[in-house]
Amino acid sequence: MTHNHRLLIDADTGIDDALAILYALRMPGVQVEGITTVFGNTSAEQAAENTLRLLEFADPGCSIPVLLGADRPLLRPLHPHSSHVHGENGLGGVELPRAPRSAGQEPAPDFLVRKVNESPGELTLVTLASFTNLALALELDPELPRKVKGVVSMAGTIDAPGNVTPVAEANVYKDPEAADRVLTSGLPITLVGLDVTMPVRLSKGHLRSLADRAKPEEAALVRFMAEASEAYWAFYGHSNFFVEEAPMHDLLAMQAALCPELFTFQHMPLRVECGGALTTGMVVADRRAIPREGTGVNVCVGVHAERAIGQFLSVFAQEA
Ligand code: CA
């Protein structure tokens, strides 16, 4: 389980992004080499502010670069940020102390291209938001698909219902053109969508039990996770009838990157619908015997739900 992973993370730092980032920071053998931000749950600027505060809270003096990216989709008008899900500040209204530094000056797409070119074949990019930054990076360097070790993305859905429209997941829906460009670019992508994120729900009970057995030095982080998750549990209570539990979508993508043994995968050619009246942002899988649409993507189709939750909690817990 503990391999050496060098990660770049692209996020719209809301509640589940925060959990994914904290998990990555604490997983043994993982080196986070930069976090870029994009519009989505909140603005790119607020996401960077949240990321800086989160990093400082988790690791005082942390110097992982944080870079601002796109503040709007490639071609479309900006949809309202998801404050109804993640609270006004993106972190469920929890105010972490200010960090003693600001985001870097380099634009996120330039940073991604530079980092990948400095270490060809070594960096895995985990995207936890719309694909806008990655699409812009591909414009800067069309050879990126041959230089990145892998891309693992929380995005889309194949068989599960959408979460913004009947068929579209939020990260794809908010910038479908970027998603289509990225998914058909030849990048070595693993897609972690609602098919596997919805069945894995972190509950208030899970975090309460973790609070009782957390490593003493992780008590504050676990408290933060529980406080920030309150808004998320409340949203899923009235949107999906879940009782004090919620899928932590981005966390699953991070787990797919770091613990792929928890998942099963299937290769399928994908495109993204960019023009439908009811289907904009739908991920279309060509599962015909002879597929004719799309580019092959590694899609996460199954997950060991209990093991995934247990593995996440174990990272913050004392040894049994
Ligand atoms: Ca996210």
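Residues numbered from 1 in each chain as written. Predicted model: local features only at pLDDT ≥ 70, side-chain atom pairs only at ≥ 80, totals over all residues. Heavy atoms only, no water.

A. Focus on the pairing of strand 5 (residues 150-154). For strand 5, a buried count of five out of five residues is recorded, marking the element as mostly surrounded by other parts of the structure. Along strand 5, one buried face is formed by Gly150, Val152 and Met154 and the opposite face, lined by Val151 and Ser153, is buried too. In this structure, strand 4 (residues 123-127) lies alongside strand 5, joined through four bridges in parallel fashion. Pairing of Thr127 across the sheet is with Ser153, part of strand 5. (Buried < 20%, exposed > 50% of the residue type's maximum accessible area, 1.4 Å probe, protein only. Helix = DSSP H or I, 4+ residues; strand = E, 2+ residues; numbered from the N terminus. Pairing = 2+ DSSP bridges.)

B. Just the environment of Asn171, in detail. In this fold, Asn171 is placed in helix 7 (residues 170-173). Under the relative-accessibility criterion, Asn171 is labelled buried at 8%. The spatial distance from the C-alpha of Asn171 to the C-alpha of Phe263 is 21 Å, given a sequence separation of 92 residues. In contact with Asn171, other than residues within four places in its own chain, are Asp12, Leu128, Ala129, Ser130, Met154 and Ala155. Looking at Asn171, its side chain comes within polar contact range of the main-chain oxygen of Met154, at 2.8 Å. (Contact = heavy atoms within 4.5 Å. Polar contact = N/O pair within 3.5 Å; in protein donor to acceptor, adjacent residues only side chain to side chain.)

C. Structural detail: the coordination of the calcium ion. Coordination of the calcium ion by the protein comes from Asp12 (OD), Asp17 (OD), Asp17 (OD), Leu128 (O) and Asp250 (OD), over a distance range of 2.2 to 2.7 Å. Between the donor residues of the calcium ion, the gaps in sequence give the motif D-x4-D-x110-L-x121-D. Note that Asp12 is positioned in the loop between strand 1 (5-11) and helix 1 (15-26) and Leu128 in the loop between strand 4 and helix 5 (132-140), a separation of 116 residues in sequence. Here Asp12 and Leu128 have matching classes, each one buried. (Donors = N, O, S within 2.8 Å, 3.2 Å for Na, K, Ca; no water.)

D. Examining the pattern of salt bridges more closely. The final tally for this structure, using the stated rule, is 19 salt bridges. Measuring nitrogen to oxygen at the nearest pair gives 3.1 Å for the salt bridge that ties Asp59 to Arg26. You can see Asp59 sitting in the loop between helix 2 (44-58) and strand 3 (66-68) and its partner Arg26 sitting in helix 1, a full 33 residues away along the chain. Taking relative accessible area as the criterion, Asp59 reaches 28% and is therefore assigned partly exposed. (Salt bridge = Lys/Arg side-chain N within 4 Å of Asp/Glu carboxyl O.)

E. Looking closely at the packing of helix 4 (residues 108-118) against helix 5. Two numbers describe how helix 4 lies on helix 5: the axes approach to 8 Å, and their chain directions differ by 60°. Considered as vectors, helix 4 and helix 5 are oriented oblique to each other. As for how helix 4 packs across helix 5, the hand of that crossing is right-handed. Within the contact between the two elements, helix 4 uses Ala108, Pro109, Asp110, Leu112 and Val113 and helix 5 uses Asn133, Leu136, Ala137 and Leu140. Tallied by class, the residues present in the contact of helix 4 with helix 5 amount to seven nonpolar, one polar and one charged. (Axes fitted to C-alpha atoms, helices over the stretch in contact; angles between N-to-C directions. Parallel < 35°, antiparallel > 145°, perpendicular 65-115°, else oblique. Left-handed = near helix turned anticlockwise from the far one by under 90°. Nonpolar A, V, L, I, M, F, W, Y, C, P; charged D, E, K, R; others polar.)

F. Representation of the pairing of strand 11 (residues 295-303) in the model. Of the strand pairs in this sheet, strand 6 (residues 189-192) and strand 11 are connected by two bridges, and their pairing is parallel. By the bridge assignment for strand 11, Leu191 is matched with Val299. As paired strands, strand 9 (residues 263-272) and strand 11 are joined by eight bridges and run antiparallel to one another. Bridging across to strand 11, Leu270 finds its partner in Thr295.

G. View of unusual backbone geometry. The phi dihedral of Phe241 falls on the positive side, at around 65°, and the residue is not glycine. With respect to the helices and strands, the residue Phe241 is situated in the loop between helix 11 (219-240) and strand 8 (245-247). In this model, Glu244 sits at a positive phi of 50°, which is unusual for a non-glycine residue. Along the chain, the position of Glu244 falls in the loop between helix 11 and strand 8. Its relative accessible area of 40% is what places Glu244 among the partly exposed residues.

H. Structural context of the environment of Leu123. Tracing the sequence through the fold places Leu123 in strand 4. If we ignore the near neighbours within four places in the chain, the residues touching Leu123 are Arg6, Leu7, Leu8, Glu33, Lys115, Val116, Val148, Lys149 and Gly150.

I. Focus on the sheet that holds strand 5. Strand order in this open sheet of nine strands is 3-2-1-4-5-6-11-9-10, and the pairing throughout is mixed. Each of the sheet's edge strands pairs with one partner strand only, and the pair in question is strand 3 and strand 10 (283-285). Strand-to-strand twist of the sheet, defined as the mean angle between neighbouring strand axes without regard to direction, takes the value 30°.

J. Highlighting the packing of aromatic side chains. All told, the structure shown has seven aromatic pairs when counted by the stated rule. With a centroid separation of 6.4 Å and an interplanar angle of 40°, the aromatic rings of Phe263 and Phe265 are classed as tilted. Residue class for Phe265 comes out partly exposed when judged on its relative accessible area of 31%. Where Phe312 meets Phe316, the ring centres are 5.4 Å apart and the plane angle is 65°; that geometry is what we call edge-to-face. Phe316 carries the same exposure label as Phe312, and that label is buried. Connected via pairs of aromatic rings, a cluster forms that spans Tyr232, Phe235, Tyr236 and Phe242. In this structure, Arg201 is placed above the aromatic ring of Phe242, and the distance from its NZ or CZ to the ring centre is 3.7 Å. (Phe/Tyr/Trp six-rings, centres within 6.5 Å; stacked < 30°, edge-to-face > 60°. Lys NZ or Arg CZ within 6 Å of the ring centre and 35° of its normal.)

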